[in-house]
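Spelled out from the first residue to the last, the chains are:
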Amino acid sequence: MAQNPERRAALLDAAIEVLAREGARGLTFRAVDVQAGVPTGTASNYFGKRDDLLNQIAPRIYARLGPDPEAVARTLEEPPSKAIVVRFMHELMGRVTADRTGYIALLELRLEATRRPEMREALTAMLRPEYEEAIRFHLDSGLPGDRTTVSVLYFAMLGLIVEHLTTPDAVAADTLDALVDGIVDRVVPEG
């Protein structure tokens, strides 16, 4: 397999675009090559099998959606508080909104995992540590709440993200900022 990391990242980004637009059934090596603007056969040279490509998409999405570590470190210089949790959740929503395609592609992977047990195993193996890391980060940072607080916050935000990205008019009566504030206010105790 080819090893140019920049080309691999560009192909994964193209695959994310195709997956978000066409769904898993539309994700072919040819479609990725066209989206990336590279010669036919390039994606298959990098990934070998379609499953190899599918399995590398989620980590790429998480890399794209991840927070800036320096910004997180600066925020954590402040005393732990509910206000920091609010800030982190607004930043999360901002990143997801800015990379709507990436998150829609992740939803497509989740849907595909309901039909393909091997994909469910691979996606679970990636998502479970991400979930546990979110809990560990929150608790180790001294932010208010316990493991259940973080779990409820995680799943409440996940639901809001799905609604916001897939059917934004369904929650149009409420502003996104107010909903994020409301989730944190109701889930996270005062610190």
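As a reminder, the structure under discussion sits directly above these lines.
Residues numbered from 1 in each chain as written. Predicted model: local features only at pLDDT ≥ 70, side-chain atom pairs only at ≥ 80, totals over all residues. Heavy atoms only, no water.

Undergrad: When you look at the overall build of the chain in this model, what are you seeing that I'm missing?
TA: If you tally the helices and strands in the chain, you get ten helices and zero strands. Principal-axis analysis of the C-alpha atoms places the extent of the chain at approximately 55 × 35 × 30 Å. Within the chain, counting contacts between residues at least 6 apart in sequence, those at least 24 apart form 68% of the total. Summed over its atoms, the accessible surface of the chain is roughly 10,200 Å², and 55% of this surface lies on carbon and sulfur atoms. Charged side chains of the chain number 22 positive and 29 negative; the gap between the two group centres comes to 6 Å. (Helix = DSSP H or I, 4+ residues; strand = E, 2+ residues; numbered from the N terminus. Contact = heavy atoms within 4.5 Å. Areas by Shrake-Rupley, 256 points an atom, 1.4 Å probe, with all protein chains shown as cover. Lys, Arg positive; Asp, Glu negative; His and termini not counted. Charge placed at Lys NZ, Arg CZ, Asp CG, Glu CD.)

Undergrad: Mind showing me how you'd approach the side chain of Glu112 here?
TA: Within the secondary structure layout, Glu112 lies in helix 7 (residues 100-115). Residue classification places Glu112 among the buried positions, given a relative accessible area of 10%. Here Glu112 is in contact with Ala24 and Met119, once residues within four sequence places are set aside. (Buried < 20%, exposed > 50% of the residue type's maximum accessible area, 1.4 Å probe, protein only.)

Undergrad: Even after reading the chapter, I still don't get the pattern of salt bridges, so can you show me in this structure?
TA: Proximity of charged atoms lets side chains of opposite charge pair with each other. In total, this model carries 14 salt bridges according to the counting rule given. Glu22 is paired through a salt bridge with Arg21; the nearest N and O atoms lie 3.2 Å apart. In this structure Glu22 comes out as partly exposed when scored by relative accessible area, which is 47%. Accessibility expressed as a relative area gives 48% for Arg21, which makes it partly exposed. Note that Glu133 is salt-bridged to Arg136, the shortest N-O span being 2.5 Å. Of this pair, Glu133 and Arg136 are both found in helix 8 (residues 117-140), three residues apart, which corresponds to roughly one turn of the helix. Look at Arg136 and you get partly exposed, because its relative accessible area is 39%. Through salt bridges that share partners, Asp51, Glu112, Arg115, Arg116 and Glu118 make up one connected network. (Salt bridge = Lys/Arg side-chain N within 4 Å of Asp/Glu carboxyl O.)

Undergrad: Where do I start with the nonpolar core in this structure?
TA: Within soluble globular proteins, side chains that are nonpolar generally end up buried alongside one another. Core analysis: the biggest nonpolar cluster contains 51 residues, and Leu27, Leu53, Ile57, Tyr103 and Leu109 have the highest contact counts within it. With residues up to four places along the chain from it excluded, the contact list for Leu27 reads Ala15, Val18, Leu19, Val32, Arg50, Leu53, Leu54 and Ile57. (Core = buried A, V, L, I, M, F, W, Y, C linked by side-chain atoms within 4.5 Å.)

Undergrad: Would you mind going over the packing of aromatic side chains with me for this structure?
TA: Centre distance and the angle of the planes are the two values used to describe a pair of aromatic rings. Within the structure shown, the criterion is met by four aromatic pairs. On the basis of an interplanar angle of 80 degrees and a centroid distance of 5.0 Å, the ring pair of Tyr154 and Phe155 is categorised as edge-to-face. By relative accessible area, Tyr154 is classed as partly exposed at 23%. Taken together, the ring pairs connect Tyr131, Tyr154 and Phe155 into an aromatic cluster. (Phe/Tyr/Trp six-rings, centres within 6.5 Å; stacked < 30°, edge-to-face > 60°.)

Undergrad: In this structure, what is going on with the environment of Leu176? I would like to understand it.
TA: With respect to the helices and strands, Leu176 occurs in helix 10 (residues 176-187). In sequence terms Leu176 and Ile84 are 92 residues apart; their C-alpha atoms lie 18 Å from each other. Leave out the neighbours within four places in its chain, and Leu176 touches Met93, Thr97, Leu160 and His164.

Undergrad: Before we go on, may I ask you to explain the packing of helix 1 (residues 5-22) against helix 2 (residues 29-36) in this structure?
TA: Helix-helix packing is described using two parameters, namely the angle between the two axes and the distance between the axes. Look at helix 1 against helix 2: their axes get within 8 Å of each other, and the N-to-C directions meet at 110 degrees. Of the possible angle classes, the one that applies to helix 1 and helix 2 is roughly perpendicular. In this structure, the crossing between helix 1 and helix 2 has a hand that is right-handed. Seen from helix 1, the contacting residues are Leu11, Ala14, Ala15, Glu17, Val18 and Arg21; seen from helix 2, they are Ala31, Val32, Asp33, Gln35 and Ala36. When the residues that make up the contact of helix 1 with helix 2 are grouped by side-chain class, the tally is seven nonpolar, one polar and three charged. (Axes fitted to C-alpha atoms, helices over the stretch in contact; angles between N-to-C directions. Parallel < 35°, antiparallel > 145°, perpendicular 65-115°, else oblique. Left-handed = near helix turned anticlockwise from the far one by under 90°. Nonpolar A, V, L, I, M, F, W, Y, C, P; charged D, E, K, R; others polar.)

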